[in-house]
Amino acid sequence: MSTHLTTGQRALLKAELELRQSRLDRQLATHQEGRTRAEHARDVLERDYDDAPQRAMDREVDLALSDIDVRELGEISRALKKLDGDDYGLCTDCGAEIPYERLKVEPQALRCVSCESKHEALERKG
Ligand SMILES: [Zn+2]
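Residues numbered from 1 in each chain as written. Predicted model: local features only at pLDDT ≥ 70, side-chain atom pairs only at ≥ 80, totals over all residues. Heavy atoms only, no water.

K.L.:
What is the right way to read the overall build of the protein chain from this model?
P.N.:
Scanning the protein chain from N- to C-terminus turns up four helices and zero strands. For the protein chain, the N- to C-terminal ordering of α and β elements is α-α-α-α. Per-residue burial for the protein chain yields a buried fraction of 27% across its 126 residues. Carbon and sulfur atoms form 54% of the exposed surface of the protein chain, whose accessible area is close to 8500 Å². (Helix = DSSP H or I, 4+ residues; strand = E, 2+ residues; numbered from the N terminus. Buried < 20%, exposed > 50% of the residue type's maximum accessible area, 1.4 Å probe, protein only. Areas by Shrake-Rupley, 256 points an atom, 1.4 Å probe, with all protein chains shown as cover.)

This is the structure:
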């Protein structure tokens, strides 16, 4: 049994996670609708000039954006699952307690600050 978090803190973090989850859900839905509409508009415009390179670039940006959203959504739903158990708020790498102050800013955080920066350094190296 952890936990360094009080019941009230867990409840707040859970509410925050659910808020972010629904916001991201909406964002992704709008995003996809928006893309469809934009593409339709371009199809109409396309009769006059060829903007294929620009379109390819737009699409790349779009995909990159939704990749980030999808990833964050995954992290959030993982965090929500953990909240039901006892291991929420514990670093997945070293088991240290992640301070409430950090969780407030990033409730889906899986690692303590020092493990997170090590992890990010590794990811950057590829
Ligand atoms: Zn750690």
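K.L.:
Even after reading the chapter, I still don't get the coordination of the zinc ion, so can you show me in this structure?
P.N.:
Under ideal tetrahedral coordination, the four donors around a metal are separated by 109.5 degrees; under ideal octahedral coordination, the six donors are separated by 90 or 180 degrees. Looking at the metal site, the zinc ion is ligated by Cys 91 (SG), Cys 94 (SG), Cys 112 (SG) and Cys 115 (SG), spaced 2.3 Å from it. One chain supplies every donor to the zinc ion, and in sequence these donors are spaced C-x2-C-x17-C-x2-C. Here Cys 91 is found in the loop between helix H2 (52-84) and helix H3 (100-105), whereas its partner Cys 112 is found in the loop between H3 and helix H4 (113-125), with 21 residues between them in sequence. (Donors = N, O, S within 2.8 Å, 3.2 Å for Na, K, Ca; no water.)

K.L.:
Can you walk me through the environment of Glu 116 in this structure?
P.N.:
Here Glu 116 lies in helix H4. Relative accessible area serves as the criterion here: at 17%, Glu 116 is assigned to the buried category. Separated by 24 residues in sequence, Glu 116 and Thr 92 place their C-alpha atoms 9.9 Å apart. Setting aside residues up to four positions removed in sequence, Glu 116 forms contacts with Arg 102 and Arg 111. (Contact = heavy atoms within 4.5 Å.)

K.L.:
What is the right way to look at the layout of surface pockets in this model?
P.N.:
Rolled over the atoms, a probe with the dimensions of a water molecule shows which regions are left empty. Here the largest pocket is characterised by a volume of approximately 260 Å³. Along the walls of the largest pocket sit 13 residues, with Arg 71, Glu 75, Glu 106, Arg 111 and Glu 116 positioned nearest its centre. Every element with two or more residues in the lining of the largest pocket is listed here: H2 and H4. Ranked by residue count, the leading element in the lining of the largest pocket is H4, at four residues. Its residues assigned to classes, the lining of the largest pocket comprises two nonpolar, two polar and nine charged. (1 Å grid on protein atoms, 1.4 Å probe; cavity = no way out; pocket = protein on both sides within 12 Å on 5 of 7 lines; lining within 4 Å. Points joined across faces, edges and corners; volume = space filled by probe spheres on them. Nonpolar A, V, L, I, M, F, W, Y, C, P; charged D, E, K, R; others polar.)

K.L.:
Whenever I open this one, the environment of Ser 117 confuses me. Can you help?
P.N.:
In this structure, Ser 117 sits in helix H4. A relative accessible area of 42% means that Ser 117 is categorised as partly exposed. A distance of 3.0 Å separates a polar side-chain atom of Ser 117 from the backbone oxygen of Ser 114. (Polar contact = N/O pair within 3.5 Å; in protein donor to acceptor, adjacent residues only side chain to side chain.)

K.L.:
What am I meant to see in the side chain of Arg 20 here?
P.N.:
As for its placement among the helices and strands, Arg 20 is situated in helix H1 (residues 7-45). There is a polar contact of 3.0 Å between the side chain of Arg 20 and the backbone oxygen of Val 105. With near-sequence residues (within four places) excluded, Arg 20 lies in contact with Ile 76, Lys 104, Val 105, Glu 106, Pro 107 and Gln 108.

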